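# Geometric and topological summary
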Amino acid sequence: LESNSKEIQFLMRTRHSRLVMFVGFGACSWNGGGIFVVLEFMPGGDLSTRLWNPNKPPAWTQRIVWLEDVSEGLSFLHYAAKVRGIPQHERRSRRT
């Protein structure tokens, strides 16, 4: 937790309409003692589930809206982290 404390504190204070709210975190006593995060509940499921649902694929217009929303959220995170001196970790679509 020590090595991630700056980033965790940053996520706890960061709010933006295009970001899922960071609620908290904890340490695992299993799985090598890593950490886990608790995020805001999303009633429609996460973006990956909604994008790749074979029974109800989203329209391309909806995908473009989501792309714009994700871009806005990532841009905010990048700028806010840079201003506060927070290291930029790898951003992958699975984490978005």
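Basis of the calculations
- Each chain carries its own residue numbering, running from 1 in the written order of its sequence.
- Only residues with pLDDT of at least 70 get local features here, since the model is predicted, and only at 80 or more are side-chain atom pairs given and counted; chain-wide, interface and lining totals rely on the full set of residues.
- Think of the side-chain values as coming from all heavy atoms in the structure, minus any hydrogens and water.
- Helical segments are the DSSP runs of H or I of at least four residues, strand segments are the runs of E of at least two, and each set is numbered from the N terminus.
- Exposed residues in this analysis have more than 50% of their type's maximum accessible area, buried residues have under 20%, and partly exposed residues fall in between, with area computed by a 1.4 Å probe over protein chains only.
- In this analysis, two residues are considered to be in contact whenever any of their non-hydrogen atoms come within 4.5 Å of each other.
- Working definition of accessibility: Shrake-Rupley area with a 1.4 Å probe, residue cover restricted to the visible protein chains.
- Each residue carries a pLDDT score, the predictor's own confidence in it, on a scale running from 0 to 100.
- Stacked, tilted and edge-to-face pairs are distinguished by plane angle, under 30 degrees for stacked and over 60 for edge-to-face with tilted covering the rest, among Phe, Tyr and Trp rings (Trp via its six-membered ring) whose centres lie within 6.5 Å.
- In this scheme, the term charge over a ring applies when either NZ of a lysine or CZ of an arginine sits within 6 Å of the ring centre and within 35 degrees of the ring normal.

Turning next to the overall build of the chain. Looking only at helices and strands, one finds three helices and two strands in the chain. Written out in order from the N terminus, the α and β elements of the chain read α-β-β-α-α. A buried classification covers 17% of the 96 residues belonging to the chain. Considering only contacts within the chain whose residues lie at least 6 apart along the sequence, 36% involve residues at least 24 apart. Accessible area for the chain stands at about 7,600 Å²; split by element, carbon and sulfur atoms hold 58% of it.

This brings us to the confidence of the model for the chain. For the chain, the average pLDDT comes to 81, and 83% of its residues sit at 70 or higher. The spread of mean pLDDT over the elements of the chain runs between helix H1 (residues 5-13), the lowest at 79, and helix H2 (residues 47-51), the highest at 89.

It is worth spelling out the packing of aromatic side chains at this point. Counted under the stated rule, the structure contains zero aromatic pairs. Geometry around Trp60 places Arg63 over its ring, the cationic atom sitting 4.5 Å from the centre.

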